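# Fold and contact review
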Amino acid sequence: MLSLHSTSIMAVILGINTHHAGASAALVVDGVPIAAIAEERLTRIKYYAKFPARAVKTVLDMAGITFKDIDYVAIGRDDSANTLKKAEYALRNPGKLLSLIKIRGERTELDDMKTLLVRECGANPADLHFEQVNVEHHLAHAASSYFISPWEHAAAFTIDGAGDFVTATLSECKGKSIEIKERVYLPHSMGFFYTMVCEFIGYSKYGDEGKVMGLAPYGKDTYHDIFEQMVILTDKGFQLNPDFFVPFGSQSNVQIQDDGSMQVASLVGEAMHKHFGDPRAPNDEITQRDMDLAYGMQATFERVYMHMLNRLHSLVPTERLTLAGGGALNSVANCKLFDQTPFTQTAIQPAAGDDGLAMGAALYVSQAMLDDGERWEITNAYFGTEYSDSEVKSALESAGITDYQKLERDDLIEKTATAIAEGNVVGWYQGRSEWGPRALGNRSILANPNRDDMKDILNARIKRREWFRPFAPAVLAERQADVFSHDHPS
């Protein structure tokens, strides 16, 4: 890690997540996030994992900044991190060494971001004067949530598949520093656990985990004892039972395809077949067994989640908690933590997955390394692109759509509310796009929740997806407790 000046300065920092799922770019100027977007929003390829060339150019254009204005480029990965743990694992598992070397070799071009920007974005080499800073994966995750919170002291929990050989961290955040107290290392990964069970249920695409979370409430605790064998709690975290998983390092678990999409290698071990038989084929009917597996998967994830959070609180005794990493998108667990841990306030990165690494790395350089201006607090997650009325009109006409109206805001609100009350479904589009995977009011589907059949209508006719997939209610903050079991601010 570079040691930058600690005196307060102003800087233009481009954050990038690349060669990894959720490729993205973010721009932080004088300590304030200005723009952020995932490459998938521009390529329409989910979890795009190659270089985010369009995202880089888009955030620069949104801010009116050129390549020559960039002072630092922050990358949400540091391949030099945790080298001792990598070496220890390789020595204990010599048969896996070639796979680990192969993974490292595929990432070496990240060491030269200037060459990548020239090649991928057409930048002029003479304009590139920035300093490159690599931030450890989970440190960037922690920074992405803490440095958007209003707090000067908080505990930070990050959890995902893996990054820089780490799968979860427990940290203390104070002032402008983040201290990682404990790490969980590969091969023990709750992300891999979740992915493996999803694969067995018939959802093997990268990112399917969020789908199967919606299936869990339809299951029963049939396989409680088996799941307790699958993941074992320890004093400092958890361990996966290797009998249930393909040996880590025997293959490259994820691969980037030519189109930038991600392909996940099978993680299902022999014990899964022994206990549950054959996996469900993707197009087969979902059986009670599959629902019960989803239930066990989610319940086990929550058991580990709460165990880790209670461990974190013993290390960092505060009521304030920041969350990031793909596991922090598990909204069911995030709700239950208020009852099962001492934490009473949460700050969750809206782009909690790996797309958020771009902003996290940039904010870490800005705040922890440069002391760049005053701390900034998030008030909304609208960091993406927006389009003028003339651009919207041009897009409609180029698509051959001529039957449209332009309404003033009051008339638009009235007509929309009437349409929703009558049971119609409205696609709502306004302002800048959301940062992260959640629809937060600017790119949203709006419908009447009073209709018992509305979820089925949306899933079958609009989203064209599985019957069990849930939708989130939109509710005024002051009416939160009327709809949800808690009214904790988040």
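Residues numbered from 1 in each chain as written. Predicted model: local features only at pLDDT ≥ 70, side-chain atom pairs only at ≥ 80, totals over all residues. Heavy atoms only, no water.

## Points about the overall build of the protein chain
In terms of regular secondary structure, the protein chain is built from 17 helices and 16 strands. In summary, the protein chain has a C-alpha radius of gyration of 23 Å against a globular reference of 23 Å for 490 residues, a match within 12%. Counting only C-alpha atoms, the protein chain reaches 65 × 60 × 45 Å along its principal axes. Long-range pairs, those at least 24 residues apart, make up 69% of the contacts in the protein chain with a sequence separation of at least 6. Each charge class in the protein chain can be summarised by its mean position, and for the 48 positive and 66 negative side chains these summaries are 3 Å apart. (Helix = DSSP H or I, 4+ residues; strand = E, 2+ residues; numbered from the N terminus. Rg over C-alpha atoms; globule rule 2.2 N^0.38 Å. Contact = heavy atoms within 4.5 Å. Lys, Arg positive; Asp, Glu negative; His and termini not counted. Charge placed at Lys NZ, Arg CZ, Asp CG, Glu CD.)

## Details of the sheet that holds strand β6 (residues 153-163)
One key point about sheets: their strands pair by backbone hydrogen bonds, in either a parallel or an antiparallel sense. An order of β8-β7-β6-β13-β14 is seen for the five strands of this open sheet, with the pairing classed as mixed. Since the sheet does not close on itself, it has two edges, and those belong to β8 (177-185) and β14 (345-348), each with one partner. Strand-to-strand twist in this sheet, taken as the mean axis angle between neighbours without regard to direction, amounts to 20°. Relative to the sheet, helix α11 (residues 288-315) contacts β6, β7 (166-174), β8 and β13 (320-324), its axis offset from that of β6 by approximately 140°. Here helix α12 (residues 331-340) sits on the sheet and contacts β13 and β14; the angle it forms with β14, its principal contact strand, is near 160°. (Pairing = 2+ DSSP bridges. Axes fitted to C-alpha atoms, helices over the stretch in contact; angles between N-to-C directions.)

## Quick notes on the packing of aromatic side chains
The geometry of an aromatic ring pair comes down to the distance between the two centres and the angle between the two planes. Taken as a whole and judged by the stated rule, the model has 13 aromatic pairs. With 5.5 Å between their ring centres and 85° between their planes, Y194 and F301 make a pair best called edge-to-face. In this pair, Y194 sits in helix α7 (residues 190-201) while F301 sits in helix α11, placing the two residues 107 residues apart along the sequence. With respect to class, Y194 is no different from F301; both count as buried. Ring geometry for Y203 against F468: centres 6.4 Å apart, planes inclined by 85°, an arrangement best described as edge-to-face. (Phe/Tyr/Trp six-rings, centres within 6.5 Å; stacked < 30°, edge-to-face > 60°. Buried < 20%, exposed > 50% of the residue type's maximum accessible area, 1.4 Å probe, protein only.)

## Focus: the pattern of salt bridges
Applying the stated criterion to the full structure yields 17 salt bridges. For the salt bridge of E466 with R469, the shortest nitrogen-to-oxygen distance reads 2.9 Å. Here the residues in one salt-bridge network are E172, K174, E179 and K181, joined through shared partners. (Salt bridge = Lys/Arg side-chain N within 4 Å of Asp/Glu carboxyl O.)

## Examining the confidence of the model for the protein chain
Taken residue by residue, the protein chain gives an average pLDDT of 91. The fraction at 70 or more is 94%. Ignoring residues within four places in sequence, the model shows residues 1-8, a span with pLDDT below 50, making 24 contacts including any to other chains. (pLDDT = per-residue confidence, 0-100.)

## Focus on helix α15 (residues 409-421)
Relative to the 18 Å expected for 13 residues at 1.5 Å per residue, α15 spans 18 Å between its end C-alpha atoms, a close match to the ideal helical length. Residues of α15 that are buried include every one of T416, A419 and I420, and no others. For α15, the buried positions fall inside an angular range of 95° around the axis, keeping them on one side. Structural note: α15 exposes D410, E414 and A421 on the side pointing more than 90 degrees away from its buried face. (Expected span 1.5 Å × (residues − 1). Arc of directions from axis to C-beta.)

## As for the nonpolar core
By size, the foremost hydrophobic cluster in this structure holds 60 residues, and its most contacted members are F157, F193, M230, Y305 and L309. Counting residues per element, this core draws most heavily on α11, which supplies eleven residues. Ignoring any residue separated from it by four or fewer positions in sequence, one finds L309 in contact with F157, L321, L323, L337, T341 and F343. By size, the runner-up hydrophobic cluster in this structure holds 37 residues, among which are Y72, Y146, A154 and C173. (Core = buried A, V, L, I, M, F, W, Y, C linked by side-chain atoms within 4.5 Å.)

## Some words on the pairing of strand β15 (residues 426-429)
Burial along β15 is one-sided: the residues V426 and W428 are buried and none of G427 and Y429 is. Looking at chain direction, β15 and strand β16 (residues 443-446) are connected through four bridges and run antiparallel. Residue W428 lies in a different strand from β16, and its bridge partner there is S444.

## Section: the sheet that holds strand β5 (residues 131-134)
An order of β3-β2-β1-β4-β5 is seen for the five strands of this open sheet, with the pairing classed as mixed. Edge positions in the open sheet fall to β3 (32-38) and β5, since each of these has one partner strand only. Averaged over all pairs of adjacent strands, the angle between their axes in this sheet comes to 20°, without regard to strand direction. Of the pairings in the sheet, the one linking strand β1 (residues 12-17) to strand β4 (residues 72-75) comprises four bridges and is parallel in character. Each residue of the ladder has a partner; that of I16, found in β4, is I75.

## Digging into the packing of helix α6 (residues 137-146) against helix α13 (residues 357-369)
Their axes nearest at 7 Å, the elements α6 and α13 cross at an angle of 85°. Considering the angle they form, α6 stands roughly perpendicular to α13. Every residue of α13 that contacts α6 at H137, L139, A140, H141, A143 and S144 is listed here: L357, G360, A361, L363 and Y364. (Parallel < 35°, antiparallel > 145°, perpendicular 65-115°, else oblique.)

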